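Report on the structure
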Amino acid sequence: MQIEIDNISFDIQQIPRKCPICHYESEPIYKSGTIINYHKIDIAFHCTNCHHMFIGKYKKLQTNKYTLVDTWPKTLRNINFEIKDISPNFVKLYEESICAYDSELIQLAGIGLKKSLEILLKDFLLHLNQNDADVINKYTLEESMENFNKKINVIEISNINDCMKKSECYNTKFEQSDIVRIKALINTISNAIRSQIL
Ligand SMILES: [Zn+2]
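Now for a quick tour of the structure. (Residues numbered from 1 in each chain as written. Predicted model: local features only at pLDDT ≥ 70, side-chain atom pairs only at ≥ 80, totals over all residues.)

**Examining the nonpolar core**
Formed by 25 residues in total, the largest nonpolar core has its most connected members in Tyr94, Leu113, Leu117, Leu120, Leu121 and Ile186. Counting residues per element, the ones that place at least two in this core are α2 (88-102), α3 (106-128), α5 (141-151) and α7 (176-197). Residue contributions to this core peak at eight residues, all from α3. Non-local contacts of Leu121, meaning those with residues more than four positions away in its chain, are made with Ser144, Met145 and Phe148. Cys19, Ile41, Phe45 and Tyr58 belong to the second-largest nonpolar core, a separate cluster that totals eight residues. (Core = buried A, V, L, I, M, F, W, Y, C linked by C-beta atoms within 7 Å. Buried ≥ 20, exposed ≤ 12 C-beta atoms within 10 Å, placed from the backbone. Helix = DSSP H or I, 4+ residues; strand = E, 2+ residues; numbered from the N terminus. Contact = placed C-beta atoms within 7 Å.)

What follows is the structure, given as structure tokens:
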């Protein structure tokens with residue numbers, strides 16, 4: 001795409017597909033741009049889904065083209081209200097971990113997502129049985145998962161759980177594929193919890 005800022009023409013390589021505010025993929029509309037310095041420009045886009053404006057940050061390549069390096073603002077994904085009620089601490093940590101992932105901080109995202117999953121499982125078990133708080137609060141992630149499985153029989157969960165063990169998600173070194181698996185697991189679990197409490 002060719003754009004003009006202050007009567008100077010710029011060759012823009014990619015348009016951001018995903019809006020950083022609503023996280024939907026759409027065809028954002030170019031609005032205007034500003035020159036930060038010789039190497040960097042910011043471009044404002046209008047999201048056709050949520051109608052907010054967001055910024056695409058571009059950096060100059062050796063070829064004189066500008067490539068998308070980041071989008072702004074960094075906003076957090078919506079998580080359903082029912083989960084927020086049961087486990088506000090999960091929501092906070094999950095959202096922060098996703099921000100870390102978006103910034104390619106894979107290890108930080110992995111540790112955060114794993115911990116957020118543990119918090120979510122424990123909070124749900126506590127929601128079912130407040131009297132066992134002393135025991136539940138001491139569960140490890142594996143124990144939380146086992147006890148969760150006993151309460152809700154979701155076949156996918158045991159499958160993903162096996163998968164996680166195989167891919168060593170339970171260890172502390174994370175690959176991108178581990179993050180994808182943990183995110184899928186959190187998604188399945190939060191949907192299962194949601195269907196139980198509605
Ligand atoms: Zn949007």
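Here the narrative resumes, following the displayed structure.
**Observations concerning the sheet that holds strand β2 (residues 8-12)**
Neighbouring strands of a sheet are bound in pairs by backbone hydrogen bonds; such pairs are parallel or else antiparallel. Read from one edge to the other, the open sheet built from six strands follows the order β1-β2-β6-β5-β4-β3, with strand pairing classed as mixed. The open sheet is flanked by β1 (2-5) and β3 (29-35), the only strands paired with a single partner. Within this sheet the neighbouring strands show an average axis-to-axis angle of 40°, counted without direction. Where strand β4 (residues 40-46) lies against strand β5 (residues 53-60), seven bridges are found, and the strand directions are antiparallel. Pairing of Lys40 across the sheet is with Lys59, part of β5. (Pairing = 2+ DSSP bridges. Axes fitted to C-alpha atoms, helices over the stretch in contact; angles between N-to-C directions.)

**Observations regarding the packing of α3 against α5**
As a packed pair, α3 and α5 sit with axes 9 Å apart at the nearest point and diverge in direction by 45°. Judged on the interaxial angle alone, α5 and α3 are oblique. Note that α3 runs across α5; the crossing there is left-handed. For the pair α3 and α5, the contacting residues are Lys114, Leu117, Glu118, Leu121, Lys122, Phe124, Leu125 and Leu128 in the first and Leu141, Ser144, Met145, Asn147, Phe148 and Lys151 in the second. (Parallel < 35°, antiparallel > 145°, perpendicular 65-115°, else oblique. Left-handed = near helix turned anticlockwise from the far one by under 90°.)

**Focus: the pairing of β4**
Of the two faces of β4, the one holding Ile41, Ile43 and Phe45 is buried and the one holding Lys40, Asp42, Ala44 and His46 is not buried anywhere. Of the pairings in the sheet, the one linking β3 to β4 comprises six bridges and is antiparallel in character. Bridged to Tyr30 within β4 is Phe45. What sits between the antiparallel neighbours β3 and β4 is a turn of four residues. Here β4 folds back onto β5, and the loop between the two strands holds six residues, one of which, His51, carries a positive phi near 70°.

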